Amino acid sequence: MRVVGLDIHRVFAEAVMLDDGKVVRLGRIGMTRDHLGAFARTLTHDDHVVVEATGNAAAVVEVISPHVGRVVIANPRQVRMIAHAKIKTDTIDATVLAKLYASNFLPEVWVPDAKTQALRRQVTRRNQIVRQRVRLKTITQSILHAHLLPQCPHADLFGNRGRNWLLAQVLPPDERDAVERHLREYDRLGEDLKVVERELARDALADANVKRLMTIPGIDMVVALGLSAAIGPITRFKGPDQLVSYMGLNPSVYQSGEGRPQHGRITKQGRAHARTMLVEAAWQAVRGPGPLRAFYQRISARRGNHVAAVAVARKLAVILWHMLTKGEDYAGVRPALHAKKLRDLELRSGQPMRRGQRGSAYEYNLTRTRQEEKRRAEQSEVAYRRLTEGWTKRGRRAPMGAAKEERP
């Protein structure tokens, strides 16, 4: 077996082949489909190719994989021999990749299928549009601040009432023109956002796992799709700890010799966007009654709100693994709320509104239904508190009359 290492750049890639322990420099290859295809045809189906994880690594795999035995993407953060090398050239980097793979010491990156890659791109596009809209609001706020104007009394500066207030402010002509341009750009991005969200909603309706994730309070279409795109097939994670580590929500550990292990902050490795969405979902989940809120309050009383929110995000990752592995909905699902989420999903996908008809989300409009679901959630929250109220730091029951301590 011959191993080919590719050190990828923007316009070219440096290629090195490891053949029977000998390093052969193959030269530079243009980073176009034609050049890569011509290079791949010079290889055989017994050859293996190794590349670093870059923005175009997936396209490189797509072009080369039909012509070779296997294409592997290396994790650049874990290839320390390249990142911390004193002498660093493209040829040396490609050689290191080939030698690490040949010796079975190369940390590989999972290559998603075409459907998962497309979903990841759509989720990224939506995130980029949202960030651009937020940036326009920030620029407009800076204009108001520069001219000593008061803060907008309305919640949304670019909403109907916020715009009326904004256009009534006294500004220099050039600044007023800039504000109007920002408003037009904001509206244009809003139309693009509707198009992207319509495509995402259609994907969500066709995916049973996405609808299953939406049974968790605090997780909507955007979060469920983002998590589904980041996770991919749940079968590649042997247990919930692997998924937690993939999200970067596991605590860092340092231990040397016979000393006790020291736990620090979370590692923040892996999918940063998925980790952010999980934390945002945690903040939403703890706003309503249920075991997650009880868990959050138990941790926040000892460690603070932000640490407690991250702990809830980690617990959500564990719950996600069990739900997707077992094919079960969330045990504390609120049926009427979930039906409303699905109906909103249908409307965002472009399905027509049925005014005057009693649809699947009708029960959520009934006050007694919402109160009944809230009451059941409060009961599960009380049950969780009773379960954990006697926990000590070592996980044992506290004796009668002893001071109660919480498990870390």
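Predicted model, so just to flag it, every value in this text is computed and none were measured.

Enquirer: Before we move on, could you go through the overall build of the protein and cite the residues and values that matter?
Expert: Counting its secondary structure elements, the protein contains 15 helices and eight strands. If you line up the protein on its principal axes, its C-alpha atoms span 75 × 75 × 50 Å. Counting every position in the protein, which comprises 408 residues, the buried fraction comes to 42%. For the protein, the exposed surface amounts to about 24000 Å²; the carbon and sulfur share of it is 50%. In the protein, 69 side chains carry a positive charge and 42 a negative one; their mean positions are 6 Å apart.

Enquirer: Any details on the sheet that holds strand 5 (residues 70-74)? Residues and values, ideally.
Expert: Pairing in this open sheet of six strands is mixed, and the strands run 3-2-1-4-5-6 from one edge to the other. Of all the strands in the sheet, the pair left with one neighbour each is strand 3 (22-30) and strand 6 (108-109). In this structure, strand 4 (residues 48-52) lies alongside strand 5, joined through five bridges in parallel fashion. Counted as the bridge partner of Val 49 is Val 71 from strand 5. Sitting on the sheet, helix 1 (residues 33-40) is in contact with strand 1 (3-8), strand 2 (12-19) and strand 3, with an inclination near 150 degrees to strand 3. Sheet strands touched by helix 2 (residues 57-64): strand 1, strand 4 and strand 5. Its angle to strand 5, the strand with the most contacts, is close to 170 degrees.

Enquirer: Outline the side chain of Glu 197, listing residues and values.
Expert: Relative to the elements of secondary structure, Glu 197 occurs in helix 7 (residues 173-205). There is a polar contact of 3.0 Å between the side chain of Glu 197 and the side chain of Arg 126. The residues contacting Glu 197, other than those within four sequence positions of it, are Arg 126, Met 221 and Arg 348.

Enquirer: An account of the UniProt feature "domain: Transposase IS116/IS110/IS902 C-terminal" (unreviewed entry) in the protein is requested, with residue identities and associated values reported.
Expert: Taken from the UniProt record, the annotation "domain: Transposase IS116/IS110/IS902 C-terminal" (unreviewed entry) applies to residues 211-297. When the span residues 211-297 is considered, its composition is 49% helix and 10% strand, and the gap between its end C-alpha atoms is 28 Å.

Enquirer: Which residues make up helix 5 (residues 114-146), and what are the values?
Expert: Along its 33 residues, helix 5 runs 48 Å from first to last C-alpha, staying within 8% of the 48 Å computed at 1.5 Å per residue. Two or three places before Lys 115, at the start of helix 5, stands the capping residue Asp 113, its side-chain oxygen 3.3 Å from that residue's backbone nitrogen. Leu 148, located one to two residues past helix 5, shows a positive phi value of around 60 degrees.

Enquirer: Which residues make up the nonpolar core, and what values go with them?
Expert: General note: in soluble globular proteins, nonpolar side chains tend to be found buried as a group. Counting 69 residues, the largest nonpolar core has Leu 227 and Leu 278 as its most contacted members. Looking at this core element by element, the count peaks at 11 residues for helix 13 (residues 305-326). Beyond its immediate sequence surroundings of up to four residues, Leu 278 is in contact with Leu 227, Met 247, Leu 249, Ala 313, Leu 316, Ala 317 and Leu 320. Formed by 22 residues, the second largest nonpolar core is a distinct cluster that contains Leu 6, Ala 15, Ala 40 and Val 63.

Enquirer: Outline the pairing of strand 3, listing residues and values.
Expert: Alignment of strand 2 against strand 3, held across eight bridges, turns out to be antiparallel. Its bridge partner lying in strand 3, Leu 18 is registered against Val 23. In this antiparallel pair of consecutive strands, strand 2 and strand 3, the connection spans two residues, and Asp 20 shows a positive phi of 55 degrees.

Enquirer: Please set out the pattern of salt bridges residue by residue, giving values where relevant.
Expert: Under the defined criterion, the tally for this structure stands at 22 salt bridges. Ionic pairing is found between Arg 25 and Glu 14, a salt bridge with its closest N-O pair at 2.7 Å. With Arg 25 in strand 3 and Glu 14 in strand 2, the pair connects residues that are 11 residues apart, well separated along the chain. Its relative accessible area of 1% is what places Glu 14 among the buried residues. The shortest N-O distance in the salt bridge between Arg 375 and Glu 372 comes to 2.4 Å.

Enquirer: Hey, could you go over unusual backbone geometry for me, with residue numbers and the actual values?
Expert: Most peptide bonds take the trans form, and the phi angle of most residues other than glycine is negative. A positive phi is found at Asp 20, a non-glycine position, where the angle reads about 55 degrees. Here Asp 20 lies in the loop between strand 2 and strand 3. Of note, Lys 268 is a non-glycine position whose phi angle comes to about 60 degrees, a positive value. For Lys 268, a relative accessible area of 53% puts it in the exposed group.

What counts and how
Residues numbered from 1 in each chain as written. Predicted model: local features only at pLDDT ≥ 70, side-chain atom pairs only at ≥ 80, totals over all residues. Heavy atoms only, no water. Helix = DSSP H or I, 4+ residues; strand = E, 2+ residues; numbered from the N terminus. Buried < 20%, exposed > 50% of the residue type's maximum accessible area, 1.4 Å probe, protein only. Areas by Shrake-Rupley, 256 points an atom, 1.4 Å probe, with all protein chains shown as cover. Lys, Arg positive; Asp, Glu negative; His and termini not counted. Charge placed at Lys NZ, Arg CZ, Asp CG, Glu CD. Pairing = 2+ DSSP bridges. Contact = heavy atoms within 4.5 Å. Axes fitted to C-alpha atoms, helices over the stretch in contact; angles between N-to-C directions. Polar contact = N/O pair within 3.5 Å; in protein donor to acceptor, adjacent residues only side chain to side chain. UniProt positions renumbered as here; feature names shortened; annotations may be inferred. Expected span 1.5 Å × (residues − 1). Core = buried A, V, L, I, M, F, W, Y, C linked by side-chain atoms within 4.5 Å. Salt bridge = Lys/Arg side-chain N within 4 Å of Asp/Glu carboxyl O.

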